[in-house]
Amino acid sequence: MKTMTTLLAATALAGAAGAASAETWDMPLAYAATNFHSEVAASFATCVTEATGGDLEIVTHPSGSLFGGAEIKRAVMTGQANIGERLMSAHENENPLYGVDSIPFLVSSFEEHEKLWDVAEPYVTEALAEDNLHYLYSVPWPPQGLYMNKPITSISELKGVKFRSYSTATAKMAEMTGALPVQVEAAELSQALATGVAESFISSGATGFDRKVWEHLSNFYEVDAWLPRNAVFVNKDAWEGLSDETRTALTDCAGKAAEEGLQTSMDYTQTTVDALKDNGMTVERASDAMMAELREMGEVMTQDWLDKAGPDGQAIIDAYRGE
């Protein structure tokens, strides 16, 4: 009996030690739980929890419920959260390299974008490391189009329109067209449109579908301006505190998430554009004249980005173009 009691006590202590060694990481997300980025993140979180046998459990918090979109990067940098996902181009004002995926009309397809990202990823990874962040994976959004509350034939018709801004590129575009930039996170977009805070914006069909923008807007112009990326990163101190086995599990699950996310984004592109049509929006390619105006703006914005990004930016563009 004494032997059995000792064995049970030892088992209980071992179980307590195992429970004490397990960690739970909260993962803030800016987008709705039904958004494909959030779904990929949830799949990634499950992968990590299972791969580590529960030693590291990741719990996702979508819709900006834990930290608002604009707060996520700093929250992870400072250790308020150990892991998070953020639209990188929203932080171009901190480092121009974060906006490499939002240079207007440098790329307009997934194939072109992946070629650009193959070149740019090491530079962005290094920039994140300087911000105390370890890069895990990223997923592109579908190509960006222009949402309006009326038909237009020229970019000049954006003058005076309240234009949702979520990055340096979108703010610059508003400035160049004479629109009025308004900073609005995705989670707040429906309310902003309903109250007239925003009347137009540039984003993917996915965002329009998620936020049911057909309740407020009438037109979507396919312009394929760029394909921005959401990146998932870990606080570097937290990363370095993990065991080799746990870091391997995170890295492996990140690779799977990147593949899943890319395929989902590609599949989602036409699905969401069709959904805009099915819900009454007029969806069409922008006219040749409007595209010419946009591409002219894009050339100016590309040079502006290169001026800010310096030698690293030029090296990325040259490598992408094969120069």
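The preceding data block contains the structure.
All figures in this text were calculated on a predicted structure; none of them were measured in a lab. Along every chain, residues carry numbers that run from 1 in the direction the sequence is written. Totals for whole chains, interfaces and linings use all residues, but because this is a predicted model, local features are given only for residues with pLDDT of at least 70 and pairs of side-chain atoms are given and counted only at 80 or more. Hydrogens and water molecules were not included; the side-chain quantities draw on all heavy atoms of the structure.

Caption draft 1: View of the overall build of the chain. Segments assigned H or I by DSSP are reported as helices when at least four residues long, segments assigned E as strands when at least two residues long, and all are numbered from the N terminus. Along the chain, the regular secondary structure elements total 10 helices and 11 strands. The globule rule used here is 2.2 Å times the number of residues to the 0.38 power, and the radius of gyration it is set against is calculated over C-alpha atoms. Relative to the compact-globule value of 20 Å for 323 residues, the chain shows a C-alpha radius of gyration of 22 Å, a close match. The dimensions of the chain, computed from C-alpha atoms along their principal axes, are 90 × 45 × 30 Å. By the burial criterion, 51% of the 323 residues in the chain qualify as buried. Contacts are assigned to residue pairs that have any heavy atoms within 4.5 Å of one another. For the chain, the share of sequence-separated contacts (at least 6 apart) that also reach a separation of at least 24 residues comes to 78%. Each accessible area is a Shrake-Rupley result for a 1.4 Å probe, and residues are judged covered by the shown protein chains and nothing else. When the accessible surface of the chain is totalled, it reaches about 14000 Å², and 51% of it is carbon and sulfur. For the chain, the distance from the average position of its 21 positive side-chain charges to the average position of its 48 negative side-chain charges is 4 Å. Partly exposed describes any residue whose relative accessible area lies between the buried limit of under 20% and the exposed limit of over 50%, with all areas from a 1.4 Å probe on protein chains only and scaled to the type maximum. The positive count covers Lys and Arg only, the negative count covers Asp and Glu only, and His and the chain ends enter neither. One atom stands in for each charge, and that atom is NZ of Lys, CZ of Arg, CG of Asp or CD of Glu.

Caption draft 2: Focus on the pairing of strand E1 (residues 23–28). In this scheme, strands are said to pair when DSSP sees at least two bridges between them. In the sheet, E1 pairs with strand E2 (residues 56–61) via six bridges, with the strands oriented parallel. Each residue of the ladder has a partner; that of Thr24, found in E2, is Glu57. Once the chain exits E1 it traverses helix H2 (residues 36–51) before rejoining the sheet at E2, and the crossover so formed is right-handed. A crossover gets the label right-handed when its path from the first strand over the helix to the second runs clockwise, viewed with the strands pointing away from the viewer.

Caption draft 3: Main features of the sheet that holds strand E4 (residues 133–140). Read across the sheet, three strands follow the order E3-E10-E4 without closing on themselves; strand pairing throughout is antiparallel. Of all the strands in the sheet, the pair left with one neighbour each is strand E3 (83–87) and E4. Going from strand to strand, the sheet's axes swing by 25° on average, the running direction of each strand aside. As paired elements, E4 and strand E10 (residues 229–235) share seven bridges and run antiparallel to each other. Of the residues in E10, the one forming a bridge with His134 is Val234. Axis lines are fitted through C-alpha atoms, for helices just across the contact stretch, and the angle between N-to-C directions can take any value from 0 to 180 degrees. The sheet contacts of helix H4 (residues 110–130) involve E4 and E10, and relative to E4 the element is tilted by about 165°.

Caption draft 4: Spotlight on the layout of surface pockets. Two kinds of site are reported from a 1 Å grid over the protein atoms alone, namely cavities, where a 1.4 Å probe fits but cannot get out, and pockets, open sets with protein on both sides within 12 Å along at least five of seven lines, and residues are called lining when an atom falls within 4 Å of a point. Grid points are joined across faces, edges and corners, and a volume is the space filled by probe spheres set on the points. A volume near 160 Å³ is recorded for the largest pocket. Lining the largest pocket are 14 residues; nearest its centre among them are Trp117, Glu121, Ser138, Arg229 and Ala258. The set of elements that each furnish at least two residues to the lining of the largest pocket consists of H4, E4 and helix H9 (244–278). Per element, the largest residue contribution to the lining of the largest pocket is five residues, and it comes from E4.

Caption draft 5: Here's a closer look at the pattern of salt bridges. Salt-bridge detection follows one rule: a side-chain nitrogen of Lys or Arg within 4 Å of a carboxyl oxygen of Asp or Glu. As enumerated under the stated definition, the model contains nine salt bridges in all. Glu94 is the salt-bridge partner of Lys73, the closest N and O atoms lying 2.6 Å from each other. Pair noted here: Lys73 is in helix H3 (residues 69–77) and Glu94 is in the loop between E3 and H4, with a separation of 21 residues, a long-range link. Judged by relative accessible area, Lys73 falls into the buried class, the value being 1%. Measuring nitrogen to oxygen at the nearest pair gives 2.5 Å for the salt bridge that ties Asp244 to Arg247. Here Asp244 pairs with Arg247, and both are found in helix H9, just three residues apart, close to one helical turn. Three or more residues are tied together by salt bridges with common partners; here these are Lys73, Glu94 and Asp131.

Caption draft 6: Quick peek at empty space enclosed by the protein. As enumerated under the stated definition, the model contains three cavities of 30 Å³ or more in all. A volume near 110 Å³ is recorded for the largest cavity. Lining the largest cavity are Tyr31, Arg86, Leu87, Trp141, Gln144, Arg164, Tyr166, Glu185, Ala186, Ser203, Thr207 and Pro228. Tallied by class, residues from the lining of the largest cavity come to six nonpolar, three polar and three charged. Looking at the second largest cavity, its volume works out to about 50 Å³. As for the second largest cavity, its lining consists of Ala30, Tyr31, Ala32, Asn35, Ala186, Ala187, Thr207, Asp210 and Arg211. Classification used: nonpolar for Ala, Val, Leu, Ile, Met, Phe, Trp, Tyr, Cys and Pro, charged for Asp, Glu, Lys and Arg, polar for all others including Gly.

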